[in-house]
Structure formats: C-alpha cells, structure tokens
Amino acid sequence: ALLQAHVHRPTLALASMAAPRVGIHGFGRPGRLAMRAAFTTHRTRVNLVAVNDPTCSVEKMAHLLRRDSMHGTFRLEVTVSADGSALLVDGQSV
C-alpha cells in the first residue's frame, strides 16, 4: 500500500481580510500623495478614514487635492460634505 504524508500548508486569505484603517497626519505634498494613492492604486488594500492637519480647513484640503502643481488634476470627484466637516472623495467620507 502507498502511504502519503499530509503536508499542512497554511494559506493567507488576504482577500477575506479587512483592509486596514489608515489615517494621514499632515496634508502637505506627502500627505496628498498618500491620499491619492489610497484612492487609486491601493483602493482595495487600505481604508482611508481620517486626515489630520490643524492648519488646513476642509475646503482648502479639497482644493489642494483636486489640483496639484506637480501631479495635475485629481481624476476622482472631491467635494466637501454639506455640514463642512468631512472631505468626500468619490463619495467616500474622510
């Protein structure tokens, strides 16, 4: 009779794992680039939930994200919530 050894190979179920919740501290060029990447290249990998910049209003953040002198116009819709407390990027509140 032939004996076969059972080899346990753990699998990573990355597709079933929840995306990590990410916050950005500062909305200078590095913060804006991180936000652009979170909503385009890494959209399914991270969940951007907050941006912290005490020197920048939500309206100014929206404007800075929409138009960057080096990287051009952001292709997704960027608006401010009705109450002015949140940035909406492609319908997702940040």
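Conventions and cut-offs
- Chains are numbered independently. Their residues run from 1 in the order of the written sequence.
- Under the rules for a predicted model, residues below a pLDDT of 70 receive no local features and side-chain atom pairs below 80 are neither given nor counted, while totals for whole chains, interfaces and linings still include all residues.
- As a rule here, side-chain values cover all heavy atoms of the structure and leave hydrogens and water aside.
- Any Lys or Arg side-chain nitrogen found within 4 Å of a carboxyl oxygen on Asp or Glu counts as a salt bridge.
- Helix and strand definitions follow DSSP, with helices as H or I runs of at least four residues and strands as E runs of at least two, each counted in order from the N terminus.
- Type-normalised accessible area, obtained with a 1.4 Å probe on protein chains alone, sets the label of each residue: buried when under 20%, exposed when over 50%, and partly exposed for intermediate values.
- Strand pairing is defined by DSSP finding a minimum of two bridges between the two strands.
- Handedness of a crossover is defined as follows: with both strands directed away from the viewer, a clockwise route from the first strand across the helix to the second makes it right-handed.
- Along the arc lie the directions from the helix axis toward the C-beta atoms.
- Two residues qualify as a contact provided that any one of their heavy atoms is within 4.5 Å of a heavy atom in the partner residue.
- Fitted lines through C-alpha atoms serve as axes, helices being fitted only where they are in contact, and the angles separating the N-to-C directions of these axes extend from 0 to 180 degrees.
- Orientation categories follow fixed angle ranges, with anything under 35 degrees roughly parallel, anything over 145 roughly antiparallel, 65 to 115 roughly perpendicular, and all other angles oblique.
- Residue polarity follows a fixed list, in which Ala, Val, Leu, Ile, Met, Phe, Trp, Tyr, Cys and Pro are nonpolar, Asp, Glu, Lys and Arg are charged, and the others, Gly among them, are polar.
- Nonpolar cores were defined as sets of buried Ala, Val, Leu, Ile, Met, Phe, Trp, Tyr and Cys residues, with membership established by side-chain atoms within 4.5 Å.

Caption draft 1: The pattern of salt bridges, seen in detail. Counted by the stated rule, this structure contains three salt bridges. Taking the shortest distance from any N to any O, the salt bridge between D68 and R29 comes out at 3.4 Å. Of the two residues, D68 sits in strand β3 (residues 67–68) while R29 sits in helix α1 (residues 29–39), which places them 39 residues apart along the sequence. R32 is the salt-bridge partner of D68, the closest N and O atoms lying 3.4 Å from each other. Residue D68 is found in strand β3, and its partner R32 is found in helix α1; the two are separated by 36 residues along the sequence. For the pair shown, D68 and R32 are each scored as buried. Put simply, R29, R32 and D68 are held in one network by salt bridges that share partners.

Caption draft 2: Seen up close, the pairing of strand β2 (residues 47–52). Bridge count for strand β1 (residues 21–25) against β2 is five bridges, and the pairing is parallel. Bridge assignment links I24 to a residue of β2, and that residue is V51. For the handedness criterion, the β-α-β arrangement of β1, α1 and β2 is classed as right-handed.

Caption draft 3: Region of the structure containing helix α2 (residues 58–66). Listed as buried for α2 are V58, M61, A62 and L65. With its buried residues spanning 100° around the axis, α2 presents them on a single face. The elements touched by buried residues of α2 are α1, β2, β3, β5 (78–80) and β6 (87–89).

Caption draft 4: Up close: the packing of α1 against α2. Contact pair α1 / α2: the axes reach a minimum separation of 10 Å and the direction vectors enclose 70°. Classified by the interaxial angle, the pair formed by α1 and α2 is roughly perpendicular. In this structure, α1 uses R32, M35 and R36 to contact α2, whose residues at the interface are L64, L65 and R66. Split into classes, the residues belonging to the contact of α1 with α2 amount to three nonpolar, no polar and three charged.

Caption draft 5: Structural context of the nonpolar core. Counting 18 residues, the largest nonpolar core has M35, F39, L65, L87 and V89 as the members making the most contacts within it. A per-element tally of this core places α2 first, with four residues.

Caption draft 6: Molecular detail of unusual backbone geometry. For D90, which is not glycine, the phi dihedral falls at a positive 55°. Position of D90 relative to the elements: it lies in the loop between β6 and β7 (92–93).

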